[in-house]
Amino acid sequence: MNNTTKGQHPIDLSRSRLLANLTTPRLIEAGLRRDEGVLVSSGAFCAETGDRTGRSPNDKFIVEDPHYKDDIWWGAVNRPFQPEAFSRLREKVEAYIQGIDLFVFDGFAGADPEYRLPVRIVTERAWHNLFARQLFIRPQPQELEDHQPGFTVISVPGFKAHPETDGTNSEVFILVSFARRLVLIGGTEYAGEIKKSIFSVMNYLMPKKGVVSMHCSANKGESGDTALFFGLSGTGKTTLSADPQRRLIGDDEHGWSNNGIFNFEGGCYAKCIRLSRQNEPQIWDAIRFGAVVENVVFDKETRQVDYDRKDKTENTRAAYPIEHIPGAVVPSVGGHPGVVIFLTADAFGVLPPISRLSREQTMYHFISGYTSKLAGTETGVTEPEATFSACFGAPFLPLHPQRYAELLARKINEFGSRVYLVNTGWTGGPHGVGERISLPYTRAMISAALSGAIDDTEFKSHPVFQVDVPQHCPGVPSELLNPKSTWADASAYDAKAVHLAQGFKRNIGKFEVDQEILDAGPRV
């Protein structure tokens, strides 16, 4: 156990008891001793996050530091927070942590040493530090000797803000200051805020170095070929990249530099609602001692988890080190990707299960970042709704989406990557009428894209979405590839396709893009 930390702190920790860089067993013991959670039958540490079972985007702010404010894409995603208010809140947090135990993790974001960011994660909860230890890149002992954090995260869920005097939106706050290289998190037990705050930081720092920062997973084939999987939550990004036939590089956050692909993280943070060993064996087996599960339902006597239940939230989660995935690539780096997959879960049931994108269509769909909300997942949502998140990760983009899109297009052009749009959503009708495309069929289509076999077949342009649709794919019924043929009512399909196309058009209108990119979008 190392109870000292090196380097300057952007917040005064001198009057706290620092428990620094504890091992995984020591953190689990501390969490159990402090009644922060229990061990379930798989050996994983199980914690509950209270009323915040997901991110709190309305409570996240970026400090409007004078040197940085002209860079930021201000708006609904990046809300400004005044430097003076940040300083006052920082002082209150300093007063709160006097005399209490704080757990410290020193590590890195970024598996490529040329681009990695040294981070320090300071948490009030032992299990939050276990989460950080599994999600960030764990240093070698010698690397701790001169570890100087480039960014520090302070997470104190027990401290709650007063919106009237602190300038926050609620008692919860996630505040990022690029000038102080500091993130303050308070009022929320949801551990995902820790990892996503550093992802936002990397999304600011990396493009300035010519690196595309990406909300995507990545894996590597037997021949060393690398593939990327972009997608919003619920589209299958983690599931599809955890392929027994390929080696996982990472499941969520990556950079693409002139050296190739590198993972920002040292672990995975997977949704585990309806998790099964049959469909997702790698993730199932990764949830063992050292892993963290959040908000799952388990039997009080046997401690057996029921992953089908969503009593507390649909957003049940599991965090585990990447080494828990057999054959994972460590260090988590790969070559330039030959194939890029955009994943969407289309609950309208009108997008083809797989289609090939041109350069202009790639830009269009990357800027769009489409998926859909399901009926019943949020209050007031009674039927599927189109959701657009620029670059498949708008909540984590401090810069304008065009910056990321231009960098990605440049890399794809330079290295000749092939791009496909894969719908993991519905076929035969919208949600509630049709059925979800089966995972084995989706895996077969992706395998054909990765091997190049799908490019040997005939393609036809979709009359509404203009994407090239393959007419055959090994292991997939041909009628599934053309979504209109799976609907009982062809006219109903046409109406729903036009409805979605209109949603695309309204969304892309928010951005200033070249006419050739606009022309590559759906026809209305």
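Quick notes on the rules
- Residues numbered from 1 in each chain as written.
- Predicted model: local features only at pLDDT ≥ 70, side-chain atom pairs only at ≥ 80, totals over all residues.
- Heavy atoms only, no water.
- Helix = DSSP H or I, 4+ residues; strand = E, 2+ residues; numbered from the N terminus.
- Pairing = 2+ DSSP bridges.
- Axes fitted to C-alpha atoms, helices over the stretch in contact; angles between N-to-C directions.
- Contact = heavy atoms within 4.5 Å.
- Buried < 20%, exposed > 50% of the residue type's maximum accessible area, 1.4 Å probe, protein only.
- Core = buried A, V, L, I, M, F, W, Y, C linked by side-chain atoms within 4.5 Å.
- Phe/Tyr/Trp six-rings, centres within 6.5 Å; stacked < 30°, edge-to-face > 60°.
- Lys NZ or Arg CZ within 6 Å of the ring centre and 35° of its normal.
- 1 Å grid on protein atoms, 1.4 Å probe; cavity = no way out; pocket = protein on both sides within 12 Å on 5 of 7 lines; lining within 4 Å.
- Points joined across faces, edges and corners; volume = space filled by probe spheres on them.
- Nonpolar A, V, L, I, M, F, W, Y, C, P; charged D, E, K, R; others polar.
- Lys, Arg positive; Asp, Glu negative; His and termini not counted.
- Salt bridge = Lys/Arg side-chain N within 4 Å of Asp/Glu carboxyl O.
- Polar contact = N/O pair within 3.5 Å; in protein donor to acceptor, adjacent residues only side chain to side chain.
- Parallel < 35°, antiparallel > 145°, perpendicular 65-115°, else oblique.
- Left-handed = near helix turned anticlockwise from the far one by under 90°.

Trainee: Hey, could you run me through unusual backbone geometry in this one?
Mentor: For the peptide bond that leads from Val330 to Pro331, omega is 0°, which places it in the cis range. Inspection of the secondary structure puts Pro331 in the loop between strand S20 (317-321) and strand S21 (333-334). The backbone of Arg181 shows a phi angle near 50°, a positive value even though the residue is not glycine. Residue placement: Arg181 occurs in the loop between strand S9 (173-177) and strand S10 (182-186). Phi is positive for Asn295, close to 60°, though the residue is something other than glycine. In this fold, Asn295 is placed in the loop between strand S17 (292-294) and strand S18 (297-298).

Trainee: Before we go on, may I ask you to explain the sheet that holds strand S3 (residues 45-47) in this structure?
Mentor: Neighbouring strands of a sheet are bound in pairs by backbone hydrogen bonds; such pairs are parallel or else antiparallel. Spatially, S2-S3-S17-S20-S16 is the arrangement adopted by the five strands of the open sheet, whose pairing is mixed. Edge positions in the sheet fall to strand S2 (38-39) and strand S16 (267-271), since each of these pairs with one other strand and no more. As judged from the five bridges shared by S16 and S20, these two strands associate in the antiparallel manner. Looking across to S20, one finds that Tyr269 is bridged to Ala319.

Trainee: Hey, could you run me through the sheet that holds strand S5 (residues 79-81) in this one?
Mentor: Spatially, the eight strands line up as an open sheet ordered S1-S6-S7-S8-S10-S9-S4-S5, and their pairing is mixed. Each having just a single partner strand, strand S1 (17-20) and S5 make up the two edges of the open sheet. Averaged over all pairs of adjacent strands, the angle between strand axes in this sheet comes to 25°, irrespective of strand direction. Across the sheet, helix H2 (residues 83-96) is in contact with strand S4 (60-63), S5, strand S8 (151-156), S9 and S10; its angle to S9 comes to roughly 115°.

Trainee: Hey, could you run me through the pairing of S9 in this one?
Mentor: A regular strand carries its side chains on alternate faces of the sheet. Within S9, five of the five residues are buried, which leaves the element mostly enclosed by the surrounding structure. Alternating positions in S9 separate into two faces, Phe173, Leu175 and Ser177 on one and Ile174 and Val176 on the other, with burial throughout. Taken together, the three bridges between S4 and S9 define a ladder with parallel strand orientation. Bridge pairing links Lys60 to Ile174 in S9.

Trainee: I'm lost on the nonpolar core in this one. Help?
Mentor: For soluble globular proteins, the rule of thumb is that nonpolar side chains tend to be buried together. Phe230, Phe342 and Phe465 are the most contacted members of the largest nonpolar core, which has 84 residues in total. The contact partners of Phe465, leaving out residues within four places of it in the chain, are Val350, Leu351, Ala497, Leu500, Ala501, Phe504, Ala520, Gly521 and Pro522.

Trainee: Help me understand the packing of aromatic side chains, please; the structure alone is not making it clear to me.
Mentor: To describe a pair of aromatic rings, one takes the distance between the centres and the angle between the planes. The final tally for this structure, using the stated rule, is 27 aromatic pairs. When the centroid spacing of 5.9 Å and the interplanar angle of 35° are considered together, the rings of Tyr68 and Phe178 count as tilted. Highlighted residues: Tyr68 in the loop between S4 and S5 and Phe178 in the loop between S9 and S10, separated in sequence by 110 residues. Phe178 matches Tyr68 in its accessibility class, with the two residues each being buried. When the ring of Phe388 is compared with that of Phe504, the centres are 5.1 Å apart and the planes differ by 75°; the resulting orientation is edge-to-face. Here Phe388 is found in strand S25 (residues 385-388), whereas its partner Phe504 is found in helix H12 (residues 490-508), with 116 residues between them in sequence. Each residue in the set Tyr115, Phe199, Phe262, Phe264 and Phe396 is aromatic and connected to the rest through ring pairs, giving one cluster. Directly above the aromatic system of Phe396 lies the positively charged group of Lys196, at a separation of 4.5 Å from the ring centroid. Here the basic side chain of Lys300 rests over the ring of Phe298, its NZ or CZ set 4.7 Å away from the ring centre.

Trainee: Quick question: what am I supposed to make of the layout of surface pockets here?
Mentor: Over the atoms, a rolled probe matching the size of one water molecule traces out where space is still vacant. The calculated volume of the second largest pocket comes to roughly 290 Å³. Across the lining of the second largest pocket, the residue classes break down as nine nonpolar, four polar and five charged.

Trainee: What should I look at first to understand the side chain of Lys220 in this one?
Mentor: Note on placement: Lys220 falls in strand S11 (residues 212-220). Of the side chains with opposite charge, Asp225 comes closest to the buried, unpaired Lys220, at an N-O distance of 9.2 Å. A polar atom in the side chain of Lys220 sits 3.4 Å from the backbone oxygen of Val333.

Trainee: What is the right way to read the packing of helix H1 (residues 24-33) against helix H3 (residues 126-135) from this model?
Mentor: Pairs of packed helices are described in terms of their axes, by the angle between the two and the distance that separates them. Interaxial distance between H1 and H3 falls to 8 Å at its minimum, and their mutual angle equals 155°. The angle between H1 and H3 falls in the class roughly antiparallel. Along this stretch, H1 crosses H3, giving a crossing that reads as left-handed. Contact with H1, carried on its side by Thr24, Leu27, Ile28, Ala30 and Gly31, involves Ala126, Asn129, Leu130, Arg133 and Gln134 of H3 and no other residues of that element.

Trainee: What is the right way to look at the pattern of salt bridges in this model?
Mentor: Counted by the stated rule, this structure contains 31 salt bridges. Among the salt bridges present, the one from Arg309 reaches Asp311, with a minimum N-O distance of 2.4 Å. Several salt bridges share partner residues, and in doing so they unite Lys195, Lys196, Lys237, Asp252, Glu253 and Glu265 into one network.

Trainee: Please explain the environment of Cys46 as it appears in this structure.
Mentor: Note that Cys46 resides in strand S3. Each residue touching Cys46, except ones within four places of it in the same chain, is listed here: Glu36, Gly37, Val38, Val40, Val293, Val296 and Phe298.

Trainee: How should I be thinking about the environment of Gly349 in this particular structure?
Mentor: Within the fold, Gly349 resides in the loop between strand S22 (339-344) and strand S23 (354-357). Take Gly349: its relative accessible area is 1%, and that puts it in the buried class. Considered as a pair, Gly349 and Ala218 are 131 residues apart in the sequence and their alpha carbons are 26 Å apart. Dropping the residues within four chain positions of it, Gly349 is found in contact with Trp426, Thr427, Gly429, Pro430, Pro483, Trp487 and Tyr493.

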